Amino acid sequence: MITPCRQCQTDFEVTAEDKEFYQKVSPIFKGISYHLPSPTFCPECRAQRRLAFRNERKFYTRQCALCTKDIISIHRTTNPVTVYCQRCWWSDRWDPLSYGRDFDFSRPFFEQFEDLYQTVPQIALMNDNGVASENCEYTQDFAFGKNCYLAIASWKVKDCMYCDAVYNSADIVDSTNIVSGSELVYESIHSLNLYSCAFLALSENCSNCWFGLDLKGCKDCFCCFGLRQKQYCIFNQPYSESEYKEKVQTFDTGSYQGLETIKAQFTEWLKQFPKKYLHMSNCEESLGDNLINCKNTFSFDLLKAEHCKYYVRGEDAQWCYDIHQSGCLQWCYEGITPDNAYMALFTLWCWKSKFTLYSDNCHSSEHVFGCTGLKRGNYCILNKQYTKEAYEELAARIIQHMKSTNEWGEFFPISLSPFPYNDTLAQEHYPLTQEVAKKRAIRFEEEPLKESIESISNDLPDNIKNIPDSIFKETLSCLTCNKNYRLIEQELAFYRKMQLPIPRKCFHCRHFERLKRQNPRQLFARNCSECDISLMTTYPLVREPKVLCEPCYNKRVY
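Cut-offs applied
Residues numbered from 1 in each chain as written. Predicted model: local features only at pLDDT ≥ 70, side-chain atom pairs only at ≥ 80, totals over all residues. Heavy atoms only, no water. Pairing = 2+ DSSP bridges. Helix = DSSP H or I, 4+ residues; strand = E, 2+ residues; numbered from the N terminus. Core = buried A, V, L, I, M, F, W, Y, C linked by side-chain atoms within 4.5 Å. Buried < 20%, exposed > 50% of the residue type's maximum accessible area, 1.4 Å probe, protein only. Contact = heavy atoms within 4.5 Å. Arc of directions from axis to C-beta. Polar contact = N/O pair within 3.5 Å; in protein donor to acceptor, adjacent residues only side chain to side chain. 1 Å grid on protein atoms, 1.4 Å probe; cavity = no way out; pocket = protein on both sides within 12 Å on 5 of 7 lines; lining within 4 Å. Points joined across faces, edges and corners; volume = space filled by probe spheres on them. Nonpolar A, V, L, I, M, F, W, Y, C, P; charged D, E, K, R; others polar.

A.B. asks: What is the right way to read the sheet that holds strand S24 (residues 342-348) from this model?
C.D. replies: Backbone hydrogen bonds are what pair the strands of a sheet, in a parallel or an antiparallel way. The strand order across the open sheet built from 8 strands is S21-S22-S23-S24-S25-S26-S27-S28, with neighbouring strands paired in mixed fashion. The open sheet has two edge strands, strand S21 (280-281) and strand S28 (384-385), and neither has a second partner. Here S24 pairs with strand S25 (residues 354-360) via 5 bridges, running parallel. Pairing of Thr 347 across the sheet is with Ser 359, part of S25.

This is how it looks when you write it as C-alpha cells:
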C-alpha cells in the first residue's frame, strides 16, 4: 500500500509484512485485539518526531527540586518541569502514584498526558552512576561503565570520553559506533574490534592502524583503503617491517599542524576510490547500513537484530519497528530506548517493562498506560492504580476514545517534548530554522549567551610533547565556534599515550565533524557505476559519484 505522509506529503509504502507486525503488537484486553493502524507519517517524519524527545549532549546546571543540590541536567532552567537528581529520583522519598488522576473522556489523551508529564518529576540524566557505574556522572543514556566522561548512548565501557554508541569497549575517545571489544581508539566511526587505532571508518579486526577506510583484519597500516589481512602498508603500498617503521616516523602525529596535513592528504587521496553501496557484515536478507549479524532487518547502525525495521543504533533486538537507541528488546514499536522491554508501544525511556503503552520513564513495570515516573508499577493509567479487570476495561475505552480523536497509533506530538527542538537529536538529523519551528508551533530556544573567558588557544604548543601538565587547568577556546572548553587529566593522559595533539575544537564541534563523515540514514536508488545493476545506497549522487555493488566492489578490495 502506497500512502502520502501526513506531514511532508512524500509517498511511502506500508507492506503486508508491516501490517502483520502491527497486528501482532496490537494490545489485547479481555480477549479483544485493539488493532494498531498503519502509520500516517513516513519513516523519516516518524524518526524526526521521536528524536525531538531525545537530548543527548546539551547539559545544563540547575538545582534538584527535592534535595536542592546543584546538579547537571539535560533540562534547561527555562523548562518548567520539576527535575530531581539521580539519587532523589530513584529514591522512595516521593511517590509517583500520588500524581495519579482520572481519565477525562471529554479531553484528548495527549492533552491529559501532557498535564501529567509536566507535573511528575523528571530525572536529571539517564545513567546508572553510583549503582552499576562508577565515576560516570557526566554521561547520558549510559549504563555499566567506569571512569567515563561525556559518553553518550553507551554501555559496558571503561575510560571512554566524548563518544557515542560505544558498546563493550575501553579507552575510546571522540568516536561513534565503536563496538565488540575495541580498545584505545580515537576519532573513528562505525567499526568493531579495533586496538590502538585512530581515524578509521567502517573497519574491523584491526590493530595499530591510522587513517583507514574499510580495512579488515589489518595491522600496522597507515592511510589505507579497502585492504584485507594486510600489514605494513602506507597509502596501500606494502613495505618491509623496517621500511614501514622508518617511514611512519616521518608522519608526526603528535603535531597539530602535522596531523591536519595528514588528514588533508588522506581525504584527497581517497577521492580516487569507489565506495561500497552499503556496509553489512554477516547479515541475511537485510538492507541498511552498518549492520552486523542481522537477519531480515531494514535498519541502520545495528548489531545482532532479527526482524527489525526503521531501527537506529542498538543491539540484541527481535521484532521491533521504529526504535532509536536500545538493546535487548522484543516486540516493541515507536520508542526511544525501551531497553530490555517487551511489547512496549509508544514509549520514552521505559526500561525492563512489559505491555507498556504511551508512557515515559516507567521502569520494571507491566501493564501501564499513559504513565510517567513509575518504578515497579502494575495496572496503572495516568499514574493511578487499578485492579487488573478495571485496568483492562478502562484501557479499552481509552483506545476507542483515542481513535475518535485520531491519536491512536500516533507517537507523542513534538509539542509535548520537554526540550527545545534545537537541543535534540532531531535538530542534528532533521534541522529546522527558528522561523520554521515557530510556524510549526515547535519550541526553539537560542542558547544563553556566555561571556568568553580569556583563553590560551592561540598560544598552545603545537606538539603534544610540549603540552604542560597544567593544561587541564586552563580555559581553551574552540577554533570553530569560539566557545570555551577544558580538558580533563584522564584525557591528557590518553593523548600522550596515543601521541596525539590536544584538540583545538570543543566537544560539540568535534561531534558535528564526525557527523559529516557519516552517510545519512536514508537509502537512495542508484545504479552500480560499473555493471549498472540497480541498487539502494546511503551515498547520494551529489556526495559520491562512484558507488559499486558488492561483487564489483569486492574485485577492488579482495
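A.B. asks: Looking at this model, I keep getting lost on the nonpolar core. Mind explaining?
C.D. replies: Note that soluble globular proteins tend to have their nonpolar side chains buried in a common cluster. Within the largest apolar cluster, 70 residues are counted, with the highest numbers of intra-cluster contacts made by Phe 109, Tyr 358, Phe 369, Ile 381 and Phe 412. Tallying contributions element by element places helix H7 (residues 388-404) first for this core, with 7 residues. Filtering out sequence-adjacent residues up to four positions away, Ile 381 remains in contact with Arg 101, Phe 369, Cys 371, Tyr 386, Tyr 391, Leu 394, Ala 395 and Ile 398. Of all hydrophobic cores here, the second largest spans 60 residues; its members include Leu 184, Phe 472, Leu 535 and Leu 548.

A.B. asks: Help me out: how do you make sense of helix H12 (residues 550-557) in this one?
C.D. replies: The α-helix advances 3.6 residues per turn, and as a result positions three or four apart in sequence lie on the same side. The complete set of buried residues in H12 reads Cys 552, Tyr 553 and Val 557. The buried residues of H12 occupy one face: seen down the axis, they fall within an arc of 130°. Looking at H12, the residues exposed on the side facing more than 90 degrees away from the buried face are Pro 551 and Lys 555. Tucked into the core, H12 has its buried residues touching strand S17 (219-225), strand S20 (275-276) and strand S33 (547-548).

A.B. asks: Explain the environment of Gln 63 here, please?
C.D. replies: The residue Gln 63 is located in strand S5 (residues 60-63) in this model. Considering only alpha carbons, one finds Gln 63 and Ala 124, 61 residues apart in sequence, at a separation of 9.6 Å. Other than its neighbours up to four places away in sequence, Gln 63 contacts Thr 68, Lys 69, Asp 70, Ile 71 and Val 83. A polar contact of 3.3 Å, which involves the side chain of Gln 63, links it to the backbone oxygen of Thr 68.

A.B. asks: Help me understand empty space enclosed by the protein in this model?
C.D. replies: Gaps between atoms show up when a probe of the same size as a water molecule is rolled over them. In this structure the tally under the stated criterion is 4 cavities of 30 Å³ or more. Volume-wise, the largest cavity comes out at about 110 Å³. As for the largest cavity, its lining consists of 14 residues, of which Ile 74, Gln 122, Trp 349, Asn 361 and Phe 419 are closest to the centre. Residue classes in the lining of the largest cavity are distributed as 9 nonpolar, 4 polar and 1 charged. Considered as a void within the structure, the second largest cavity measures approximately 80 Å³ in volume. What lines the second largest cavity is a set of 13 residues, among which Asp 164, Arg 313, His 511, Leu 515 and Arg 521 lie closest to the centre. For the lining of the second largest cavity, the secondary-structure elements that each account for two or more residues are strand S23 (298-336), helix H8 (425-429) and helix H11 (507-517).

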